[in-house]
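So the chains spell out like this:
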Amino acid sequence: MLDALFAVLLTLLLPFYICIRQRDGAIFHSTPSQRYTRSILMIALLLAGLFMIWRVEGRGVALLGLGLPQSPIGIWALGGGAATIAGLLLVALWRPLPDQSAAMKVNPEARSIMPVKEPEKRLFLLFILFAGIGWEILYRGYLLFYLSPLVGLPLAILIAAAAYTASHGIKDRKRFAVSFLSALLFTGAYAATGNLWWLILIHIALPLLGLFAMRREVRTS
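Residues numbered from 1 in each chain as written. Predicted model: local features only at pLDDT ≥ 70, side-chain atom pairs only at ≥ 80, totals over all residues. Heavy atoms only, no water.

1. Here's the deal with helix α5 (residues 118–151)
Between its first and last C-alpha, α5 extends 46 Å over 34 residues, near the 50 Å set by a 1.5 Å rise per residue. The sharpest bend along α5 reaches about 40 degrees and sits at Leu144. Looking one or two places after α5, you find Gly152, whose phi comes out positive at around 90 degrees. (Helix = DSSP H or I, 4+ residues; strand = E, 2+ residues; numbered from the N terminus. Expected span 1.5 Å × (residues − 1). Bend = angle between axes of the 7 residues up to and from the residue.)

This is the structure we're talking about:
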(Lines give C-alpha, C1' and ligand atoms only; values in the text may rest on other atoms or scores of the structure.)
Protein backbone atom coordinates (compact mmCIF):
# COMPACT_ATOMS: atom_id res chain seq x y z
CA MET A 1 0.00 0.00 0.00
CA LEU A 2 2.79 2.44 0.90
CA ASP A 3 4.61 1.57 -2.30
CA ALA A 4 1.50 2.22 -4.40
CA LEU A 5 0.87 5.60 -2.78
CA PHE A 6 4.49 6.63 -3.21
CA ALA A 7 4.50 5.59 -6.86
CA VAL A 8 1.31 7.60 -7.49
CA LEU A 9 2.96 10.59 -5.84
CA LEU A 10 5.99 10.37 -8.13
CA THR A 11 4.24 9.55 -11.39
CA LEU A 12 1.05 11.63 -11.12
CA LEU A 13 0.74 14.03 -8.19
CA LEU A 14 4.18 15.65 -8.28
CA PRO A 15 4.26 16.15 -12.09
CA PHE A 16 0.72 17.60 -11.92
CA TYR A 17 1.72 20.00 -9.14
CA ILE A 18 4.84 21.16 -11.00
CA CYS A 19 2.94 21.65 -14.25
CA ILE A 20 0.24 23.70 -12.48
CA ARG A 21 2.87 25.93 -10.85
CA GLN A 22 4.57 26.43 -14.19
CA ARG A 23 1.31 27.29 -15.96
CA ASP A 24 0.57 29.92 -13.30
CA GLY A 25 4.07 31.32 -13.68
CA ALA A 26 4.90 30.78 -10.01
CA ILE A 27 8.14 28.93 -10.75
CA PHE A 28 9.65 31.60 -12.96
CA HIS A 29 8.65 34.50 -10.69
CA SER A 30 10.92 33.19 -7.93
CA THR A 31 14.64 33.78 -7.59
CA PRO A 32 17.21 31.04 -8.27
CA SER A 33 17.91 30.77 -4.52
CA GLN A 34 14.22 30.25 -3.80
CA ARG A 35 13.98 27.61 -6.51
CA TYR A 36 17.08 25.79 -5.27
CA THR A 37 15.84 25.83 -1.67
CA ARG A 38 12.37 24.63 -2.61
CA SER A 39 13.77 21.81 -4.74
CA ILE A 40 16.21 20.73 -2.02
CA LEU A 41 13.44 20.57 0.58
CA MET A 42 11.11 18.68 -1.77
CA ILE A 43 13.75 16.10 -2.68
CA ALA A 44 14.75 15.72 0.98
CA LEU A 45 11.13 15.05 1.98
CA LEU A 46 10.67 12.52 -0.81
CA LEU A 47 13.86 10.69 0.14
CA ALA A 48 12.80 10.68 3.79
CA GLY A 49 9.50 9.10 2.77
CA LEU A 50 11.28 6.49 0.70
CA PHE A 51 13.66 5.77 3.58
CA MET A 52 10.69 5.16 5.89
CA ILE A 53 9.14 2.74 3.41
CA TRP A 54 12.46 0.91 3.05
CA ARG A 55 12.85 0.62 6.84
CA VAL A 56 9.29 -0.65 7.29
CA GLU A 57 9.73 -3.25 4.55
CA GLY A 58 13.24 -4.23 5.66
CA ARG A 59 14.75 -3.83 2.19
CA GLY A 60 18.37 -3.33 1.21
CA VAL A 61 19.78 -0.42 -0.76
CA ALA A 62 20.90 -2.75 -3.56
CA LEU A 63 17.23 -2.95 -4.63
CA LEU A 64 17.48 0.74 -5.49
CA GLY A 65 20.61 0.27 -7.58
CA LEU A 66 22.88 1.56 -4.82
CA GLY A 67 25.02 -1.53 -4.42
CA LEU A 68 28.67 -1.45 -5.42
CA PRO A 69 29.44 -2.38 -9.05
CA GLN A 70 30.69 -5.94 -9.36
CA SER A 71 32.77 -5.83 -12.55
CA PRO A 72 36.32 -4.35 -12.65
CA ILE A 73 35.24 -1.98 -15.43
CA GLY A 74 32.37 -0.72 -13.30
CA ILE A 75 34.67 -0.16 -10.33
CA TRP A 76 37.20 1.78 -12.42
CA ALA A 77 34.42 3.86 -14.01
CA LEU A 78 32.96 4.66 -10.60
CA GLY A 79 36.37 5.63 -9.21
CA GLY A 80 37.23 7.80 -12.20
CA GLY A 81 33.85 9.48 -12.11
CA ALA A 82 34.13 10.19 -8.39
CA ALA A 83 37.57 11.76 -8.85
CA THR A 84 36.28 13.94 -11.68
CA ILE A 85 33.29 15.13 -9.64
CA ALA A 86 35.52 15.89 -6.64
CA GLY A 87 37.80 18.01 -8.83
CA LEU A 88 34.89 19.92 -10.36
CA LEU A 89 33.37 20.57 -6.96
CA LEU A 90 36.65 21.91 -5.56
CA VAL A 91 37.04 24.28 -8.50
CA ALA A 92 33.43 25.43 -8.20
CA LEU A 93 33.71 25.99 -4.45
CA TRP A 94 36.95 27.93 -4.35
CA ARG A 95 37.13 29.78 -7.66
CA PRO A 96 35.30 33.15 -7.51
CA LEU A 97 32.21 33.43 -9.67
CA PRO A 98 31.99 36.74 -11.57
CA ASP A 99 28.84 38.76 -12.05
CA GLN A 100 26.98 36.97 -14.84
CA SER A 101 24.56 39.77 -15.75
CA ALA A 102 26.05 40.01 -19.27
CA ALA A 103 25.39 36.34 -19.94
CA MET A 104 21.89 36.67 -18.56
CA LYS A 105 21.14 39.46 -21.03
CA VAL A 106 22.16 37.11 -23.82
CA ASN A 107 20.09 34.27 -22.37
CA PRO A 108 17.44 35.67 -19.94
CA GLU A 109 15.82 32.25 -19.45
CA ALA A 110 19.00 31.05 -17.76
CA ARG A 111 18.40 33.59 -14.98
CA SER A 112 15.72 31.35 -13.52
CA ILE A 113 18.02 28.31 -13.59
CA MET A 114 21.70 29.20 -13.16
CA PRO A 115 23.28 31.06 -10.23
CA VAL A 116 24.52 34.60 -10.66
CA LYS A 117 26.23 35.59 -7.42
CA GLU A 118 28.48 33.75 -4.99
CA PRO A 119 25.82 32.80 -2.36
CA GLU A 120 23.63 31.42 -5.15
CA LYS A 121 26.56 29.38 -6.43
CA ARG A 122 27.01 27.61 -3.08
CA LEU A 123 23.29 26.84 -2.87
CA PHE A 124 23.36 25.67 -6.48
CA LEU A 125 26.08 23.14 -5.62
CA LEU A 126 23.95 21.76 -2.80
CA PHE A 127 20.96 21.66 -5.12
CA ILE A 128 22.72 19.64 -7.81
CA LEU A 129 23.93 17.14 -5.19
CA PHE A 130 20.36 16.62 -3.98
CA ALA A 131 19.00 16.52 -7.54
CA GLY A 132 21.70 14.19 -8.84
CA ILE A 133 21.25 11.73 -6.01
CA GLY A 134 17.56 12.17 -5.28
CA TRP A 135 16.05 12.11 -8.77
CA GLU A 136 18.11 9.09 -9.77
CA ILE A 137 17.03 7.12 -6.69
CA LEU A 138 13.39 8.18 -6.93
CA TYR A 139 12.71 8.11 -10.67
CA ARG A 140 15.16 5.42 -11.72
CA GLY A 141 15.89 3.15 -8.78
CA TYR A 142 12.52 3.21 -7.03
CA LEU A 143 10.11 3.41 -9.95
CA LEU A 144 11.77 0.57 -11.85
CA PHE A 145 11.83 -1.50 -8.64
CA TYR A 146 8.10 -0.94 -8.13
CA LEU A 147 6.74 -0.79 -11.67
CA SER A 148 8.72 -3.56 -13.39
CA PRO A 149 6.93 -6.46 -11.64
CA LEU A 150 3.56 -4.80 -12.34
CA VAL A 151 3.79 -3.71 -15.97
CA GLY A 152 7.03 -5.23 -17.27
CA LEU A 153 10.41 -3.59 -17.70
CA PRO A 154 9.87 -1.82 -21.08
CA LEU A 155 6.67 -0.08 -19.96
CA ALA A 156 8.19 0.69 -16.56
CA ILE A 157 11.07 2.47 -18.32
CA LEU A 158 8.62 4.52 -20.40
CA ILE A 159 6.49 5.49 -17.39
CA ALA A 160 9.50 6.40 -15.25
CA ALA A 161 11.06 8.51 -18.03
CA ALA A 162 7.78 10.32 -18.75
CA ALA A 163 7.13 11.02 -15.05
CA TYR A 164 10.68 12.29 -14.58
CA THR A 165 10.35 14.67 -17.53
CA ALA A 166 6.91 15.92 -16.46
CA SER A 167 8.12 16.49 -12.88
CA HIS A 168 10.60 19.04 -14.25
CA GLY A 169 7.78 21.16 -15.66
CA ILE A 170 9.08 21.53 -19.21
CA LYS A 171 6.44 23.33 -21.28
CA ASP A 172 8.14 23.70 -24.67
CA ARG A 173 7.37 20.64 -26.83
CA LYS A 174 10.82 20.43 -28.38
CA ARG A 175 12.59 20.67 -25.04
CA PHE A 176 10.13 18.19 -23.54
CA ALA A 177 10.91 15.69 -26.30
CA VAL A 178 14.66 16.12 -25.85
CA SER A 179 14.34 15.79 -22.08
CA PHE A 180 12.16 12.71 -22.43
CA LEU A 181 14.63 11.02 -24.76
CA SER A 182 17.43 11.83 -22.34
CA ALA A 183 15.41 10.43 -19.42
CA LEU A 184 14.61 7.35 -21.50
CA LEU A 185 18.31 6.84 -22.19
CA PHE A 186 19.27 7.22 -18.52
CA THR A 187 16.48 4.92 -17.34
CA GLY A 188 17.33 2.31 -19.95
CA ALA A 189 21.00 2.53 -18.95
CA TYR A 190 20.08 1.86 -15.35
CA ALA A 191 17.89 -1.07 -16.36
CA ALA A 192 20.79 -2.51 -18.37
CA THR A 193 23.42 -2.11 -15.64
CA GLY A 194 21.44 -2.33 -12.42
CA ASN A 195 23.66 0.34 -10.85
CA LEU A 196 22.83 3.98 -10.21
CA TRP A 197 26.16 5.34 -8.98
CA TRP A 198 27.63 6.17 -12.36
CA LEU A 199 24.38 7.81 -13.47
CA ILE A 200 24.37 9.86 -10.28
CA LEU A 201 27.87 11.08 -11.10
CA ILE A 202 26.80 12.07 -14.62
CA HIS A 203 23.70 13.82 -13.26
CA ILE A 204 25.90 15.87 -10.93
CA ALA A 205 28.58 16.59 -13.51
CA LEU A 206 26.30 17.97 -16.25
CA PRO A 207 25.03 21.08 -14.37
CA LEU A 208 28.56 21.72 -13.10
CA LEU A 209 29.80 21.79 -16.66
CA GLY A 210 26.92 24.15 -17.51
CA LEU A 211 28.07 26.48 -14.74
CA PHE A 212 31.63 26.48 -16.08
CA ALA A 213 30.34 27.07 -19.63
CA MET A 214 28.44 30.13 -18.44
CA ARG A 215 31.62 31.45 -16.82
CA ARG A 216 33.41 31.20 -20.15
CA GLU A 217 30.51 32.99 -21.83
CA VAL A 218 30.89 35.88 -19.38
CA ARG A 219 34.66 36.10 -19.85
CA THR A 220 34.43 36.13 -23.64
CA SER A 221 31.49 38.52 -23.90
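2. So, the confidence of the model for the protein
Summing up the model confidence of the protein, the mean pLDDT is 80 and the portion of residues at 70 or higher is 76%. No element of the protein has a lower mean pLDDT than helix α4 (residues 101–106), which averages 44, and none a higher one than helix α6 (residues 153–166), which averages 95. Contacts of residues 96–110 to residues separated by more than four positions or lying in other chains number 33 contacts, the stretch itself having pLDDT below 50. (pLDDT = per-residue confidence, 0-100. Contact = heavy atoms within 4.5 Å.)

3. Focus: the nonpolar core
Side chains of a nonpolar character, in soluble globular proteins, are inclined to be buried together. Judged by nonpolar contacts, the single largest core of 45 residues is most densely connected at Trp135, Tyr139 and Tyr142. Listed by contribution, the elements that provide at least two residues to this core are α1 (2–23), α2 (32–57), α5, α6, α7 (173–193) and α8 (197–220). It is α5 that contributes the most residues to this core, 14 residues altogether. (Core = buried A, V, L, I, M, F, W, Y, C linked by side-chain atoms within 4.5 Å. Buried < 20%, exposed > 50% of the residue type's maximum accessible area, 1.4 Å probe, protein only.)

4. Some points on the packing of α5 against α6
The geometry of α5 relative to α6 is characterised by a closest axis approach of 8 Å and an angle of 145 degrees between their N-to-C directions. Between α5 and α6 lies a crossing whose hand is right-handed. Packed against α5, whose contacting residues are Trp135, Tyr139, Arg140, Leu143, Leu144, Leu147, Ser148 and Val151, the element α6 presents Leu153, Leu155, Ala156, Ile157, Ile159, Ala160, Ala163 and Tyr164 at the interface. Class assignment of the residues belonging to the contact of α5 with α6 gives a composition of 14 nonpolar, one polar and one charged. (Axes fitted to C-alpha atoms, helices over the stretch in contact; angles between N-to-C directions. Left-handed = near helix turned anticlockwise from the far one by under 90°. Nonpolar A, V, L, I, M, F, W, Y, C, P; charged D, E, K, R; others polar.)

5. A word on the packing of aromatic side chains
The full count for this structure, using the stated rule, is ten aromatic pairs. Plain terms: the ring middles of Tyr36 and Phe124 are 5.4 Å apart, the flat faces sit at 55 degrees to each other, and that makes the pair tilted. With a gap of 88 residues between them, Tyr36 in helix α2 and Phe124 in helix α5 connect regions that are remote in the sequence. On the basis of relative accessible area, Tyr36 is assigned to the buried category, the value being 2%. Cluster of aromatic residues (ring-pair linked, three or more members): Phe6, Trp54, Tyr142, Phe145 and Tyr146. Seen from the ring of Trp54, Arg59 lies directly overhead, with NZ or CZ sitting 4.7 Å from the centre. Its end group placed over the ring of Tyr164, Arg140 keeps NZ or CZ at 4.4 Å from the ring centre. (Phe/Tyr/Trp six-rings, centres within 6.5 Å; stacked < 30°, edge-to-face > 60°. Lys NZ or Arg CZ within 6 Å of the ring centre and 35° of its normal.)

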